[in-house]
Amino acid sequence: MLNLPALPAHLQRLAGRGVADAAMGGLSSGGVNHVSIRMNRFTLVDAAGNKQPLQSFHMDAVIVDANPHMSKIYYKEAFDPNAEDFKPPVCFSDNGLAPSRQAQEPQNKTCSDCPLNAWGSDVSRVTGKRTKACNDVKKIAIFRPEDPSMVFLLRVPPASLKLLGGYIKTLIGNNVEPSMMITRISFDPQTQGVLNFAAVNWIDEKQAARVNEIL
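Being a predicted model, the structure only gives us computed values, none of them experimental. (Residues numbered from 1 in each chain as written. Predicted model: local features only at pLDDT ≥ 70, side-chain atom pairs only at ≥ 80, totals over all residues. Heavy atoms only, no water.)

## A word on helix α3 (residues 205-214)
Here is step 1 of the chain: Along α3, the positions that sit buried rather than exposed are Gln207, Ala208 and Val211. End-on, the buried residues of α3 take up no more than an arc of 100°, which puts them together on one face. Residues of α3 that are exposed and point more than 90 degrees away from the buried face comprise Glu205, Lys206 and Glu213.
Here is step 2 of the chain: In the core, the buried residues of α3 are packed alongside β4 (58-66), β9 (135-144), β10 (147-156) and β11 (181-187).
Here is step 3 of the chain: Two to three positions downstream of the cap, the backbone nitrogen of Lys206 sits 3.2 Å from a side-chain oxygen, assigning the N-cap of α3 to Asp204. (Buried < 20%, exposed > 50% of the residue type's maximum accessible area, 1.4 Å probe, protein only. Helix = DSSP H or I, 4+ residues; strand = E, 2+ residues; numbered from the N terminus. Arc of directions from axis to C-beta. Contact = heavy atoms within 4.5 Å. Polar contact = N/O pair within 3.5 Å; in protein donor to acceptor, adjacent residues only side chain to side chain.)

Right, here's the structure in full:
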């Protein structure tokens, strides 16, 4: 259970908006504002590609929306920690059923019978265990409490999905929508690219007004 004060009046209208359901559902950043988690550091990247590295190893955020489906993403080339920029995925799906029309090189007609979506088709660089070459990721939309005007896409990587799911379930168990909370997203200091999620406090009236605009 969350140790939180009573629900403020300005958040009453946000209860039951369904962000929790979307974030739990199903459990190409190019051209959109997004958050990079490369090398266990948070970097805000705007639609034009301008980067703003954050100095902290955690980031407070408000989860305002989520793709209800599990997204799938496949990179043909292995991750290069020395590269200045990521190359875009050659194939991806936002509905988990078939490649997106924007995919550069669709690998199969459907995701369900794609060899790259089969368990054991790759080895995780995070855990060293067998996994899938085509990664499952959860796309969530966030804004930072100090700047509600900018909404960013955050891809939650495979090794963090259970942690996100556990956090959302805790919120649901307390009848709390993620959009009502300031969530602290932090890196696991022992593992590359693993994110932890924790509730910090209720959002304030200004932030609630921004959430209401977005939803």
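Now, onward.
## Here's the deal with unusual backbone geometry
Here is step 1 of the chain: Within the chain, Met39 stands out as a residue other than glycine whose phi angle is a positive 60°.
Here is step 2 of the chain: Here Met39 shows up in the loop between β1 (34-36) and β2 (43-45).
Here is step 3 of the chain: With relative accessibility at 44%, the residue Met39 sits in the partly exposed group.
Here is step 4 of the chain: One non-glycine residue, Asn175, adopts positive backbone phi at about 55°.
Here is step 5 of the chain: Here Asn175 shows up in the loop between α2 (161-173) and β11.
Here is step 6 of the chain: Under the relative-accessibility criterion, Asn175 is labelled exposed at 70%.

## Quick word on the pattern of salt bridges
Here is step 1 of the chain: Taken as a whole and judged by the stated rule, the model has seven salt bridges.
Here is step 2 of the chain: For Lys139, the salt bridge goes to Asp94, with nearest N and O atoms at 2.8 Å. With Lys139 in strand β9 and Asp94 in the loop between β6 (91-93) and β7 (122-123), this pair connects stretches of sequence that are 45 residues apart.
Here is step 3 of the chain: Notably, a salt bridge pairs Arg210 with Glu213, separated by 3.2 Å at the nearest N-O pair. You can see Arg210 and its partner Glu213 sitting in helix α3, three residues apart, about one turn around the helix. (Salt bridge = Lys/Arg side-chain N within 4 Å of Asp/Glu carboxyl O.)

## Considering the side chain of Asn33
Here is step 1 of the chain: Counting through the fold element by element, Asn33 comes out in the loop between α1 (19-24) and β1.
Here is step 2 of the chain: Within the structure, Asn33 has its side chain in polar contact with the backbone oxygen of Val151 (distance 3.3 Å).

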